[in-house]
Amino acid sequence: MTRSFDVHAENDQRALLAIALDVAREASELVLSGWRKKFTVDLKGPVDLVTDFDRASEELARDRLHARTPFTVVGEEGGADLSRASDEAKWYVDPIDGTTNFVHGHPFFCVSVGLLANGQPLLGAIVAPALRYEFTGIAGKFATRNGEPCHVSTATEFSAALLATGFPYDRRISDDNNFDAFVAIKKKCQAVRRCGSAALDLCFVAEGTYDGYWEKKLNAWDITGGAAIVLGAGGRLSTYGGEPFNAMRGDLVATNGKIHDALLRELAEVQSKRTTK
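Rules of the game
- Residues numbered from 1 in each chain as written.
- Predicted model: local features only at pLDDT ≥ 70, side-chain atom pairs only at ≥ 80, totals over all residues.
- Heavy atoms only, no water.
- Helix = DSSP H or I, 4+ residues; strand = E, 2+ residues; numbered from the N terminus.
- Rg over C-alpha atoms; globule rule 2.2 N^0.38 Å.
- Buried < 20%, exposed > 50% of the residue type's maximum accessible area, 1.4 Å probe, protein only.
- Areas by Shrake-Rupley, 256 points an atom, 1.4 Å probe, with all protein chains shown as cover.
- Expected span 1.5 Å × (residues − 1).
- Contact = heavy atoms within 4.5 Å.
- Pairing = 2+ DSSP bridges.
- Axes fitted to C-alpha atoms, helices over the stretch in contact; angles between N-to-C directions.
- Parallel < 35°, antiparallel > 145°, perpendicular 65-115°, else oblique.
- Nonpolar A, V, L, I, M, F, W, Y, C, P; charged D, E, K, R; others polar.
- Phe/Tyr/Trp six-rings, centres within 6.5 Å; stacked < 30°, edge-to-face > 60°.
- Salt bridge = Lys/Arg side-chain N within 4 Å of Asp/Glu carboxyl O.

Caption draft 1: Here's a closer look at the overall build of the protein. For the protein, the helix and strand inventory stands at seven helices and 15 strands. Whereas a compact globule of 277 residues would reach a radius of gyration of roughly 19 Å, the protein reaches 18 Å, a difference of no more than 12%. Per-residue burial for the protein yields a buried fraction of 55% across its 277 residues. Working note: accessible area of the protein is about 12,100 Å², and carbon and sulfur atoms make up 50% of it.

Caption draft 2: Quick look at helix H7 (residues 260-275). With 16 residues, H7 should reach 22 Å at 1.5 Å per residue; the first-to-last C-alpha distance of 23 Å fits that figure. Taken together, the buried positions of H7 are occupied by His-260, Ala-262, Leu-263, Leu-264, Glu-266, Leu-267 and Val-270. Taken together, the buried residues of H7 touch strand E11 (162-165), helix H4 (179-186), strand E13 (212-215), strand E14 (236-238) and strand E15 (252-255).

Caption draft 3: Spotlight on the sheet that holds E15. With respect to topology, five strands assemble into an open sheet ordered E12-E11-E13-E15-E14, the strand pairing being mixed. A strand with exactly one partner marks an edge of an open sheet, and here the two such strands are strand E12 (191-193) and E14. With direction set aside, neighbouring strand axes in the sheet form an average angle of 20°. As defined by bridge partners, E14 adjoins E15 across three bridges and the pair is classed as antiparallel. Within E15, the position partnered with Ser-238 by the bridge is Val-253.

Caption draft 4: Inspection of the packing of helix H5 (residues 198-206) against helix H6 (residues 220-232) at higher detail. Taken N-terminus to C-terminus, the directions of H5 and H6 make an angle of 5°; their axes are 8 Å apart at the nearest point. Judged on the interaxial angle alone, H6 and H5 are roughly parallel. For the pair H5 and H6, the contacting residues are Ala-198, Ala-199, Leu-202, Cys-203, Val-205 and Ala-206 in the first and Asp-222, Ile-223, Gly-226, Ala-227, Ile-229 and Val-230 in the second. Within the contact of H5 with H6, the residues separate by chemical class into ten nonpolar, one polar and one charged.

Caption draft 5: Layout of the packing of aromatic side chains. Scanning all chains against the criterion turns up eleven aromatic pairs. A ring pair is formed by Tyr-133 and Phe-135, whose centres lie 5.6 Å apart and whose planes are at 65°; its orientation type is edge-to-face. Classification of Tyr-133 by relative accessible area gives partly exposed; the value is 27%. Note on Tyr-133 and Phe-204: the rings are 6.2 Å apart at their centroids and 80° apart in plane angle, and the pair reads as edge-to-face. Note that Tyr-133 is positioned in strand E8 (residues 133-138) and Phe-204 in helix H5, a separation of 71 residues in sequence. Ring pairs connect the aromatic residues Phe-108, Tyr-133, Phe-135, Phe-204 and Tyr-210, which therefore count as one cluster.

Caption draft 6: Region of the structure containing the pattern of salt bridges. Applying the stated criterion to the full structure yields twelve salt bridges. Two residues, Arg-14 and Glu-10, come together in a salt bridge whose shortest N-O distance is 3.2 Å. Of this pair, Arg-14 and Glu-10 both sit in helix H1 (residues 10-34), separated by four residues, roughly a single helical turn. When its relative accessible area of 39% is taken as the criterion, Glu-10 is described as partly exposed. Where Arg-236 meets Asp-261, a salt bridge forms, and the shortest distance between an N and an O atom there is 3.1 Å. Within this pair, whereas Arg-236 is found in strand E14, its partner Asp-261 is found in helix H7, the two being separated by 25 residues in sequence. Overall, Arg-236 belongs to the partly exposed group, its relative accessible area being 30%. Residue classification places Asp-261 among the partly exposed residues on the basis of a relative accessible area of 41%. Salt bridges sharing common partners tie together Lys-188, Glu-266, Glu-269 and Lys-273.

Structure (structure tokens):
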């Protein structure tokens, strides 16, 4: 029988974070064992890939989390085990965030384990094995990179900001593909990067490399862990419209807080131009 946890108690939060990091580390070791080697690749959509390492990583994470905690596990490949359904807390696991990078031998991929409690990101552990990065955080309390405290940047000028974004899997067939926002915002900030992993983009906001990040059509397993880490590092999260973060909405803006309103204004301007065409 697994022990019970009070998700509001700091000691239990730290215990759950340690479990999340253990699981992310073990799953990432499995994933790294297949990197740049032969493996099976299938298509979930026109450009959406899945490998046998995605499935094996998720199975491992699900088994370990079920063995040590009482909470439901929701994974990208296998959905949720509703036999453990809980309104209070759920694990969200991305077994390889950045599968396309992984398939092509690119090092920007990771395993993300995040806990959503009462609908809000509570804690996260993200391990990027090829980059040798480990990120952890508890929302509102702390964030770490490789065991050392990390914090969001202090940038205040939007024109000098380094930002990140991503593009949805349906970009070939949908006009809501982020291309217009990318072009418009790239003209007004210092630069925009496209990493290919929402979880790592959020971590790079948390540790101050990126001043901000925006993206649409995301899933809860993409962002729960990273969102908690951003909040632990002193960052700000919202929807495109400035409403409170909602992991089920899919649209996310994450920043150091100081350029947040400016990024929201740019996104609103792009949306206004789109609707008046």
